[in-house]
Amino acid sequence: MSFKITVLPGDGVGPEVCQEAVRILRALSHFYDREFRFEEHAIGGAAIVSDGNPLPQQTLDACLASDAVFLGAVGTPQFDHLPPDRRPEAGLLNLRSALGGFANLRPSYSFPAIADCSPLQRSRVEGADVLIVRELLGGLYFSGPRGFGKAGDYAYNTMRYSTDEIERVARIGFNQARQRRKKLTSVDKANVLETSQLWRRTVIQVAKDYPDVALDHMYVDACAMHLISNPTRFDVILTENLFGDILSDEAAVITGSLGMLASATIGGKVDLYEPVHGSAPDIAGKGIANPLGAIASVAMLLRHSAGMPHEADDLEAAIRQVLEAGHRTRDLIQQQAATKAVGSREMGGLVEQAFVSMLDRRCSYHAV
Ligand code: IPM
Ligand code: MN
C-alpha cells in the first residue's frame, strides 16, 4: 500500500527540518508493508525564485493529488518589499485555501526534560498540555474587501465569519476535547466585535451536541494573560484565525521553544502538516535548527492521515526519550545544565534510532 506525501521544503530552515522529517518516515516504511512516496515541490520565496510565483501550478496539482502535504516554512526577508499577494506567505495562504483545511491543530505541552527552558517557572508550566484549534480559512486573513486607499493614506481589512464557518471548526474543537480532558475554552472578543458575538452564540449552539464537554468563554486579551500565568487551566482553546495565530506563538512559551511545536491542518481535501516555527532566516543553512517541531508534525501526520496512531505515540515517546537523555539543539541549551549540544541532523538521527527500537519492539511483539 503506498501513501503519497508532497514535501514542500520552502524557505529558510524549511529544507533542513523537512529532511529530518522525511528520514523518520523512511525508517518507518522499513517496518511495514507500506511505502511512503515523496515528491518534492517548490513553494514560497524558493518558488518565486524558481518559477516567479509563490505557489506554482505544478506544486498545487501535486498537493491535491497526494495523501498528505508536509511543509517546512515560507518567508524570506529578500521579498519583504512585495505586496501581500505576491509575497512568499501568499503561497502558503493560497495553498491552505486550495486544500480546504479549516481547522489548524497546534498542541503545546511542557516536556519535563526541558521545562526549565521555559521563561516561566517550572512549577507554573509543569503538567500544562494545551491544544489550540485555530480557524484557518476565514476572518481577517481571507475576507474582503481589503486593500489600500487610492492615495495610500489608509488601508482596510475585513473580519467576516458565517455561522457555517464557525460551526464546522467548533465541531472539530469539541471532538478533540472529547479525546482529551473534555474541556473547551472558546476565545473571542465579544465585548467589541460582532463576529465574536456570532462566534460565541454559534459555539454555545454547537455545545448542545457535546454535553460531556465543559465549555467556557474567554476574551482574547484575558486569554493571552491566563495562557502564561496559569497554562494548566486550559485543555482545548478554540478561536478564530488571527487570535489563533497570535496565541499559538505565545503558547510556545509553555514548551520553551518555538522549534518544538507541530501543527496539523485538517478538514479539507488533503491534510497539511507543518512545524509552527517558520523560516528563521537568521539561522538558515547552519545545520542548527531544531527539527523536533517538524518530527512532531510527522507524528500528527501518522495519527490523523496515515491511520497509524500507535506509531505516532511511539514517535512522540522517541522525542521525549532523546530529550531525557540530555540532547539539545541550540534553542534548548540552558546554562549550567548537563546537556549535549547537537545539530539538526544529529538530533534527527537520535530520534530515528529511538523510534526504530520502539518499532522493533512493537513488531516483534506482534510477531509472537
Ligand atoms: C503561521 C504563520 C502564517 C500565518 C504566515 C507565514 C502566513 O505565521 O502559520 O502561524 O500567519 O498563518
Ligand atoms: Mn504565526
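Each chain carries its own residue numbering, running from 1 in the written order of its sequence. Lettering for chains starts from A, numbering for ligands starts from 1, and both go in the order in which the items are written. Totals for whole chains, interfaces and linings use all residues, but because this is a predicted model, local features are given only for residues with pLDDT of at least 70 and pairs of side-chain atoms are given and counted only at 80 or more. Excluded from the side-chain calculation are hydrogens and water; included are all heavy atoms of the structure.

A word on unusual backbone geometry. Between G144 and the following residue, P145, the backbone shows a cis peptide bond with an omega angle of 0°. Labels follow the DSSP assignment, with helices taken as runs of H or I lasting at least four residues and strands as runs of E lasting at least two, numbered in each case from the N terminus. Checked against the element boundaries, P145 lands in the loop between β5 (129-135) and β6 (147-148). Of note in this structure, K182 is not a glycine but carries a positive phi near 60°. Residue position: K182 is located in the loop between α6 (163-178) and β8 (183-188). Under the scheme applied here, a residue whose accessible area is under 20% of the maximum for its type counts as buried, over 50% as exposed, and between as partly exposed, the area being computed with a 1.4 Å probe on protein chains only. K182 gets classed as partly exposed once you look at its relative accessible area, which sits at 36%. You will see that A280, though not glycine, has its phi angle at about 40°, which is positive. With respect to the secondary-structure elements, A280 resides in the loop between β12 (271-275) and α10 (292-304). Its relative accessible area of 23% is what places A280 among the partly exposed residues.

Let us look at the pattern of salt bridges. Any Lys or Arg side-chain nitrogen located within 4 Å of an Asp or Glu carboxyl oxygen qualifies as a salt bridge. For the structure on display, the rule yields 23 salt bridges. Here R23 ties to E20 by a salt bridge, and the two come within 2.7 Å at their closest N and O atoms. Highlighted residues: R23 and E20, both in helix α1 (residues 14-29), separated by 3 residues, approximately one helical turn. With relative accessibility at 24%, the residue R23 sits in the partly exposed group. By relative accessible area, E20 is classed as buried at 1%. With a closest N to O distance of 2.9 Å, R200 and D188 form a salt bridge. Placement of R200 in helix α7 (residues 194-207) and of D188 in strand β8 is noted, with a sequence separation of 12 residues between them.

The rule for a residue being near a molecule or strand is that one of its heavy atoms must lie within 4 Å of it. If you check the shell around ligand 1, you find E89, R96, R106, R134, Y141 and D245 and nothing else. A distance of 2.9 Å separates an oxygen atom of ligand 1 from a polar side-chain atom of R134. Within the side chain of D245, an N or O atom sits 2.9 Å from an oxygen atom of ligand 1. Only the protein chains shown count as cover for residues, with accessible areas throughout obtained via the Shrake-Rupley method and a probe of 1.4 Å. Within the complex, the protein chains bury 78% of what would otherwise be the 320 Å² of accessible surface of ligand 1. Counted as a polar contact is a pair of N or O atoms within 3.5 Å, where, for protein atoms, one must be capable of donating a hydrogen and the other of accepting one, and residues adjacent in sequence contribute only when both atoms are in side chains.

All right, on to the pairing of strand β9 (residues 214-219) then. DSSP calls a pair of strands paired once it identifies at least 2 bridges connecting them. Examined bridge by bridge, β8 and β9 share 6 bridges and lie parallel to one another. For D188, the partnering residue across the bridge sits in β9 and is Y219. Since β8 and β9 lie parallel, the crossover through α7 that links them has a hand, and here it is right-handed. Handedness rule for crossovers: strands pointing away from the viewer, path from the first strand over the helix to the second running clockwise, crossover right-handed.

Positionally, A264 belongs in strand β11 (residues 262-266). For A264, a relative accessible area of 0% gives the class buried. It is 5.7 Å that separates the C-alpha atoms of A264 and N104, two residues lying 160 residues apart in sequence. Contacts are assigned to residue pairs with any non-hydrogen atoms lying within 4.5 Å of each other. Non-local contacts of A264, meaning those with residues more than four positions away in its chain, are made with A103, N104, L105, L272, Y273, M300 and H304.

That is the geometry; function is a separate question.
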